[in-house]
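A closer look at the structure
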Amino acid sequence: MKSTASNSPSNASAAARRRFLQGLGTIGAALVAGSAVLPANAQATVKEIKGVTGKHRWGLLIDTTKCATGCDACVRGCNAEHGINSTGNPDTDAQWIRKIELKDNLTGQLSSLPMMCQHCESAPCVDVCPTGASFKRADGVVLVNKHTCIGCRYCMMACPYKARSFIHEPITDQLTRAPRGKGTVESCTLCVHRIDASGSQPAEKSAEKTVQQPACAVSCKEDAHNAITFGDLNDPDSEIVQAIERSQAQQVRADLNLNTGVRYTRL
Amino acid sequence: MRFRLPHVMLLLIGLLLMNTVAADNSGPIIPKGKGEQCVADTDFMRRNHMDLIVHQRDETVIRGIRDEPFSLAECVDCHVQTDANAKPIRIDAEGQFCSSCHTYVAAKIDCFGCHAAVPDPIDDKKLGFAPAANEAIEAYLARNLAENNSVGDRSSVESNRLAAKNPPDLAQTHDALRTFRQKHVQAAHSARTPLHRESVLR
């Protein structure tokens, strides 16, 4: 269809005209930008070294063989880190992590795992958001920009993992590191404030420095389960990638092809 | 009908009086911030703080940049007031820093519906400083300690003995840290002010 269309003469001339107009546009833009060329360049260099980049992709590996039934250390750790307290309505309380118990009906085998935002590469919540508030950071962390969230909850509908919560009631006594408030959607942030604080910028440095673990991983370790590994999925030598390969870890609903950033061993 | 004119006169006189009263305390009463100066010139801050923090907001949330001086958390740290019991008062409470001018000009902000309006309690170990600031603070404390321990200085020996008897309370340490950090932030800021403003005002 495309090739036949561009073969016809009238289309060829239209394409030529488009090229010409594009050329004009570029010249115009160059003229406008002319006076600002120097500062713009100076800024570009600053931007290169600052801010998160696609060099890393942060993710989690959950070892379900180590995750203990009935244990909610990760949930408690997460709640403490982000100042998540019950508002007295358990039905609508925010849940960034929830513990799930699975039972295989044939074998009767039980397994337990934490479910949270899976930080998908192709995140459905990002696709459906009408304001762009649901977005993926350059380093793969899927977030809600609460400043532009209008509370429509499309993302909650779209998420196959039910990972997001809507805040129904006013919140008080927030922590400085975790602003939260009524009328917006929220979910696991992979503790971005910790990732950022551990000097992941300039981007080059973070390879040498160890990046701070998310609160859930820390709590799990403190509880001596060590079921949560955090790390860089882009680094083939990282502990997490090695462990994923070794254990043939899986994605929940791999059939959806979302390329999740959270993987589970022995699902 | 006949009484209308005096009424209008009275009203006019009243309005005139109100005007003079308002002119007397011209402008809002703004609580003073901690430290010597703000993260940029005071004049500049008065006019541009809204753009600065909203710019910072996107830098932090979208690009993960957290070591910049225009962080909202920093504003709260420096501009929060304490009550008679040294308890911090919400910065958006009536008459407090972030509502003083806003009430006066009828501006309304919703930031503190989500953002903490008081600094985190002091026992919070994770103050969230940039790592560089942390290192600098460690170095500063180490240096100060060394100075205080210098042999032969009677006053410091004395003060050390005093310190051993009444160990410094956390609040004091925190204040020292904060003062130091303010200096650090300002130094970092003035070192790159031109470029930074460039990017802010872009």
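Note that this is a predicted model, so its numbers are computed, not measured.

With that out of the way, let us pick up the overall build of chain B. Scanning chain B from N- to C-terminus turns up eight helices and zero strands. Going residue by residue from the N terminus, the α and β elements of chain B occur as α-α-α-α-α-α-α-α. Expressed as a percentage of the 202 residues in chain B, the buried residues total 26%. Restricting to contacts in chain B with at least 6 residues of sequence separation, those with at least 24 account for 66%. Summing over all exposed atoms, chain B offers an accessible surface of approximately 14100 Å²; the carbon and sulfur share of this is 61%.

Of the positions making up helix α3 (residues 72–79) of chain B, those classed as buried are Leu72, Val76, Asp77, Cys78 and His79 of chain B. Where α3 of chain B begins, one side-chain oxygen reaches toward the backbone nitrogen of Ala73 of chain B, 3.2 Å away; that side chain belongs to Ser71 of chain B.

In this structure the tally under the stated criterion is 13 salt bridges over all chains. Glu186 of chain A is paired through a salt bridge with Arg180 of chain A; the nearest N and O atoms lie 2.7 Å apart. Salt-bridge contacts for Arg46 of chain B lead to Asp43 of chain B; the nearest nitrogen and oxygen are separated by 3.2 Å. Of this pair, Arg46 of chain B and Asp43 of chain B both sit in helix α2 (residues 42–63), three residues apart, roughly one helical turn. In this structure Asp43 of chain B comes out as partly exposed when scored by relative accessible area, which is 43%. Ionic contacts of the salt-bridge type, sharing partners, join the residues Arg137, Asp139 and Asp196 of chain A together with Arg66 of chain B into one network.

Core analysis: the biggest nonpolar cluster contains 49 residues, and Met116, Tyr161, Leu190, Ile228 and Tyr264 of chain A have the highest contact counts within it. Those elements giving two or more residues to this core turn out to be β1 (58–63), α4 (73–82), β3 (110–116), β5 (142–144), α7 (192–197), α8 (215–222), β8 (228–232) and β9 (262–265) of chain A. Ignoring any residue separated from it by four or fewer positions in sequence, one finds Tyr161 of chain A in contact with Arg98, Met115, Gln118, Cys120, Val252, Arg253, Leu258 and Thr260 of chain A. The next biggest cluster of nonpolar side chains, apart from the first, holds seven residues, and it includes Leu72, Ile91, Cys98 and Ala117 of chain B.

Another point: the sheet that holds β8 of chain A. All names here are of chain A. Strand order in the open sheet formed by three strands is β8-β1-β9, with mixed pairing between adjacent strands. With partners counted over all chains shown, the strands left at the sheet margins are β8 and β9, one partner each. Neighbour-to-neighbour, the strand axes of this sheet turn through a mean angle of 20 degrees, independent of strand direction.

Attention now goes to the confidence of the model for chain B. Residue and element names in this part refer to chain B. Looking at chain B, the pLDDT average stands at 70 and 48% of residues meet or exceed 70. At the level of individual helices and strands, chain B shows its lowest average pLDDT in helix α8 (residues 193–201), which scores 30, and its highest in helix α4 (residues 97–105), which scores 95. Taken together, the stretch residues 123–131 has pLDDT below 50 and engages in 11 contacts with residues farther than four places along the chain or on a different chain.

This part is about unusual backbone geometry. Residue and element names in this part refer to chain A. Residue Asp173 is not a glycine yet carries a positive backbone phi of 60 degrees. The topology assignment puts Asp173 in the loop between β6 (165–166) and β7 (185–186). Positive phi is not limited to glycine here, since Leu190 has a value of about 60 degrees. Leu190 sits in the buried class, given a relative accessible area of 3%.

All right, on to empty space enclosed by the protein then. Residue and element names in this part refer to chain A. Within the structure shown, the criterion is met by five cavities of 30 Å³ or more. Its volume calculated, the largest cavity comes out at about 110 Å³. Cys117, Gln118, Cys120, Cys125 and Cys159 are, among the 13 residues lining the largest cavity, the residues nearest its centre. Among the residues forming the lining of the largest cavity, the class breakdown is 10 nonpolar, two polar and one charged.

All names here are of chain A. Along β1, six of the six residues are buried, which leaves the element largely enclosed by surrounding structure. Burial along β1 is two-sided: the face carrying Trp58, Leu60 and Ile62 and the face carrying Gly59, Leu61 and Asp63 are both buried. Here β1 runs beside β8; their pairing, made up of five bridges, is antiparallel. Within the sheet, the bridge partner assigned to Trp58 lies in β8 and is Asp232. Strand direction decides the pairing type here: β1 and β9, joined by four bridges, are parallel. Within β9, the residue paired with Ile62 across the bridge is Tyr264.

Residues and elements named next belong to chain A. Where helix α9 (residues 239–247) is concerned, the buried positions are Ile240, Val241, Ala243 and Ile244. Down the axis of α9, the buried side of the element spans an arc of 165 degrees, and every buried residue falls inside it. Among the exposed residues of α9, those oriented more than 90 degrees off its buried face are Glu239, Glu245 and Arg246. Among the structural elements, β1, β8 and β9 are those in contact with the buried residues of α9. Just past α9, the residue Gln248 takes up positive phi, approximately 50 degrees.

For Ser219 of chain A, the location among the structural elements is in helix α8. With near-sequence residues (within four places) excluded, Ser219 of chain A lies in contact with Ala73, Cys74 and Gly77 of chain A.

Once that is clear, we can look at the packing of α4 of chain A against α8 of chain A. All names here are of chain A. Viewed as axis vectors pointing N to C, α4 and α8 meet at an angle of 135 degrees, and their least axial separation amounts to 7 Å. Regarding the angle of α4 to α8, the classification is oblique. Every pair of crossing elements has a handedness; the one defined by α4 and α8 is right-handed. Across the interface between the two elements, Ala73, Cys74, Gly77, Cys78 and Glu81 of α4 pack against Ala215, Cys216 and Ser219 of α8.

You can see Val192 of chain A is positioned in helix α7. Between the C-alpha atoms of Val192 of chain A and Thr229 of chain A, which are 37 residues apart in sequence, the distance is 16 Å. When sequence neighbours within four positions are dropped, the list of residues in contact with Val192 of chain A reads Arg137, Val141 and Leu143 of chain A together with Arg66 of chain B.

Cut-offs used in this document
- Sequence positions are assigned chain by chain, starting from 1 and proceeding in written order.
- Think of it this way: whatever chain is written first is A, whatever ligand is written first is 1, and the rest follow in order.
- This being a predicted model, a pLDDT of at least 70 is required before a residue's local features are given, and a value of 80 or more before pairs of side-chain atoms are given or counted; all residues contribute to the totals for chains, interfaces and linings.
- Excluded from the side-chain calculations are hydrogens and water; all other atoms, namely the structure's heavy atoms, are used.
- The secondary structure listing takes helices from DSSP runs of H or I that are at least 4 residues long and strands from runs of E that are at least 2 residues long, numbered from the N terminus.
- Burial classes follow relative accessibility: with a 1.4 Å probe on protein chains only, a residue under 20% of its type's maximum area counts as buried, one over 50% as exposed, and anything between as partly exposed.
- Two residues form a contact once any of their heavy atoms are found within 4.5 Å.
- Areas reported as accessible are Shrake-Rupley estimates using a 1.4 Å probe. Residue values count occlusion only from the protein chains shown.
- Pairs of N or O atoms are called polar contacts if they sit within 3.5 Å, as long as, within protein, a hydrogen donor faces a hydrogen acceptor (for residues adjacent in sequence, only side-chain-to-side-chain pairs).
- By definition, a salt bridge exists where a carboxyl oxygen of Asp or Glu is found within 4 Å of a side-chain nitrogen of Lys or Arg.
- The term nonpolar core refers to a set of buried residues drawn from Ala, Val, Leu, Ile, Met, Phe, Trp, Tyr and Cys, joined through side-chain atoms within 4.5 Å.
- Criterion used throughout: strands pair if DSSP finds at least two bridges between them.
- Only the contacting stretch of a helix is used when fitting its axis, a line to C-alpha atoms as for every element, and angles between N-to-C directions run 0 to 180 degrees.
- A score from 0 to 100, pLDDT tells how confident the predictor is in each residue.
- A 1.4 Å probe that fits but cannot get out identifies a cavity on a 1 Å grid over protein atoms alone, an open set with protein on both sides within 12 Å along at least five of seven lines counts as a pocket, and a residue lines either if it has an atom within 4 Å of a point.
- Grid points are joined across faces, edges and corners, and a volume is the space filled by probe spheres set on the points.
- The residue classification treats Ala, Val, Leu, Ile, Met, Phe, Trp, Tyr, Cys and Pro as nonpolar and Asp, Glu, Lys and Arg as charged. All others, Gly included, are polar.
- Note: the arc covers the axis-to-C-beta directions of the helix.
- The cut-offs work like this: below 35 degrees is roughly parallel, past 145 is roughly antiparallel, 65 to 115 is roughly perpendicular, and the gaps in between are oblique.
- By convention the crossing between two helices is left-handed if the near helix lies anticlockwise of the far one by an angle smaller than a right angle, and right-handed if it lies clockwise.

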